[in-house]
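If you want the building blocks of each chain, they are given just below.
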Amino acid sequence: MQTKKLSTNIEDLERAGAIIRDGGLVAFPTETVYGLGADALNEEAVRSVYAAKGRPSDNPMIVHIADARELEPLVRGGRAAISEDTLKVIGTFWPGPLTLVLPKSDIIPDATTGGLDTVAIRMPSNETAYRLILAAGRPIAAPSANLSGKPSPTNAEDVLEDMDGRIDAVVMGEACDVGIESTVLDMTGDVPVVLRPGIITREWLSAVIGKEVRYDKSLLEEPSEIADPKDGVAETDFKPKSPGMKYKHYSPNAQVTLIEGNEDEFRSKATAFGMEARKKNQKIAVIDYGDDVRKAAHNLFADLRELDRLGYDIILIRTLEQSGLGFSVMNRMLKSAGYDVIK
Ligand code: AMP
Ligand code: MG
């Protein structure tokens, strides 16, 4: 398959929208990471997303909408089933990098939600994403536009690296502003629960809703088993509320190791590690984002991919303080390192 490179002008976005209406796959920029979009209501189109990514079919997708009025038909029970708390977070954070898990209506095929009776929905703030959803004229199901298991792509070149020849088109937009995926917030229980941390933090959500928002317990402990997405649907005892959490994620080809400590401690531990690796002729890269968590979020995935292209064997990264956005970026770093941390 020849993958078309489309621009962000009106004509090209109309073309991209038509491809999606015809059941095709189009990667596009959002404010978080690039998404791999298909018609969320077309079962066959959604199945081809799993195939293009090598994604296990039980790992559900996020449904992207352009207007809050598109929400009701997607939710079981419609307007009456949307709580006051949900309206509050929508009012504050949409459009933006917040995904809400809500009961799913019957118009959404099971393939989109990996067989769950809930659906993850968000309204992106990125203008190209907004215009593409309008051009398609329907909600767009979109996971991140990478091969399953790899770091998410945050620029168009990184999308092509994984997806060239596997999808119909890429909208060649700008680099993503945030750089890590959206916060996923489960609104189906008595207490809102963060299933995936992002730039919209738990503390911020608690303040807006006016009640305690919890982290899902899978975020607070090292998972007992991590399945390789290459092996297909994993039947493991670890059954997190967010099915994506049971799969290997964000892994470059290089081995990633995290190192704790202040700047000097990090440098000396990294040097000691590097001396050993050099004896084995391994090429080592060192990343220290300092306390700039925004920069860490923005650059992490792009840096991992760039270092792979440059042929590094080992990537050493200094850990971040685990609060606010730092907690969210550390969630990605820990997964990319397979939880390998030098204290
Ligand atoms: P990605 O599309 O790659 O950004 O990943 C989407 C994330 O949202 C995955 O970790 C999914 O497990 C999670 N997700 C999507 N739909 C649901 C849902 N209905 N309930 C819980 N988690 C979901
Ligand atoms: Mg992903």
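Details of the structure are given in the entry above.
In this report, we go over the structure that sits alongside the text. Keep in mind the model is a prediction, meaning the values are calculated, not measured. Residue positions are counted from 1 within each chain, in the order its sequence is given. Chain labels run from A onward and ligand labels from 1 onward, assigned in the order the entries are written. Two thresholds apply to this predicted model, a pLDDT of at least 70 for residue-level local features and 80 or more for giving and counting side-chain atom pairs, whereas whole-chain, interface and lining totals are computed over all residues. Only hydrogens and water are set aside when side-chain values are computed; all heavy atoms of the structure are taken into account.

### Brief notes about the site of ligand 1
With respect to spatial proximity, 19 residues lie near ligand 1, and among them Thr 118, Pro 143, Arg 196, Ser 242 and Gly 244 are the closest. Thr 118 is positioned such that a nitrogen or oxygen atom in its side chain is 3.0 Å from a nitrogen atom of ligand 1. The contact in question runs from an oxygen atom of ligand 1 to an N or O atom on the backbone of Pro 243, over 3.4 Å. Against a free-state accessible area of 500 Å², the protein chains account for coverage of 95% of ligand 1. A run of H or I in DSSP becomes a helix once it reaches four residues, and a run of E becomes a strand once it reaches two; helices and strands are each numbered from the N terminus. Among the secondary structure elements, those contributing two or more residues to the shell around ligand 1 are strand E6 (118-122) and strand E10 (193-196). The dominant element in the shell around ligand 1, judged by the number of residues it contributes, is E6, at 3 residues. Under this grouping Gly is polar, as are all residues other than the nonpolar Ala, Val, Leu, Ile, Met, Phe, Trp, Tyr, Cys and Pro and the charged Asp, Glu, Lys and Arg. Partitioned by chemical class, the residues of the shell around ligand 1 number 11 nonpolar, 5 polar and 3 charged. Throughout, near means a residue has at least one heavy atom within 4 Å of the molecule or strand. Here a polar contact is recorded for every N or O atom pair within 3.5 Å, except that within protein the pair must consist of a potential hydrogen donor and a potential acceptor, and residues adjacent in sequence are included only if both atoms are side-chain atoms. To measure how exposed things are, a 1.4 Å probe is used in the Shrake-Rupley method; for residues, cover is taken only from the protein chains shown.

### A few points about the sheet that holds strand E9 (residues 183-186)
Pairing between two strands is assigned when DSSP locates at least 2 bridges connecting them. Ordered by their spatial adjacency, 11 strands build an open sheet running E1-E8-E2-E3-E7-E4-E6-E5-E9-E10-E11, and the pairing between neighbours is mixed. Every interior strand has two partners, whereas the edge strands, strand E1 (4-6) and strand E11 (214-215), have only one. As judged from the 3 bridges shared by E1 and strand E8 (residues 169-171), these two strands associate in the parallel manner. The residue of E8 that forms the bridge with Lys 4 is Ala 169.

### Structural notes on the packing of aromatic side chains
When two rings of Phe, Tyr or Trp (its six-membered ring) have centres within 6.5 Å they constitute a pair, described as stacked for plane angles under 30 degrees, edge-to-face for angles over 60, and tilted for the intermediate range. According to the stated counting rule, one finds 3 aromatic pairs in the structure shown. Ring centres of Tyr 215 and Phe 327 lie 4.3 Å apart, and the angle between their planes is 25 degrees; on these two criteria the pair is classed as stacked. Of this pair, Tyr 215 sits in strand E11 while Phe 327 sits in helix H9 (residues 325-336), and the two are 112 residues apart along the sequence. Only when the NZ atom of a Lys or the CZ atom of an Arg is both within 6 Å of the ring centre and within 35 degrees of the ring normal do we say a charge sits over the ring. Taking the ring centre of Tyr 215 as reference, the NZ or CZ of Arg 202 above it sits at 4.8 Å.

### What about the pairing of E9?
On a regular strand, one side chain projects to one face of the sheet and the next to the other, so that they alternate. Across the two faces of E9 the burial is the same, with Thr 183 and Leu 185 and Val 184 and Asp 186 all buried. Examined bridge by bridge, strand E5 (residues 98-103) and E9 share 4 bridges and lie parallel to one another. Bridge pairing in E9 places Leu 100 opposite Leu 185. As paired elements, E9 and E10 share 3 bridges and run antiparallel to each other. Along E10, the bridge assignment pairs Val 184 with Arg 196. What sits between E9 and E10 in their antiparallel hairpin is a turn of 6 residues. Accessible area is worked out with a 1.4 Å probe on protein chains only. A residue is then buried under 20% of its type maximum, exposed over 50%, and partly exposed in between.

### Regarding the environment of Ser 144
Structurally, Ser 144 can be placed in the loop between strand E7 (140-141) and helix H5 (156-163). Under the relative-accessibility criterion, Ser 144 is labelled buried at 16%. In this structure, the C-alpha to C-alpha distance between Ser 144 and Ser 328, residues 184 residues apart in sequence, is 17 Å. By definition, residues are in contact when any of their heavy atoms lie within 4.5 Å. Ignoring sequence-local partners within four residues, the contact set of Ser 144 consists of Val 33, Tyr 34, Gly 35, Leu 36, Lys 53, Ser 152 and Pro 153. At 2.6 Å, the side chain of Ser 144 forms a polar contact with the side chain of Asn 146.

### Describing H5
In terms of residue burial, H5 counts as a mostly covered element, since 6 of its 8 residues are buried. Listed as buried for H5 are Ala 156, Asp 158, Val 159, Leu 160, Asp 162 and Met 163. On its buried side, H5 packs onto E1, strand E2 (26-28), strand E3 (35-39), helix H2 (43-53), E8 and helix H8 (293-309). Gly 165 sits one or two positions beyond H5 and adopts a positive phi of about 90 degrees.

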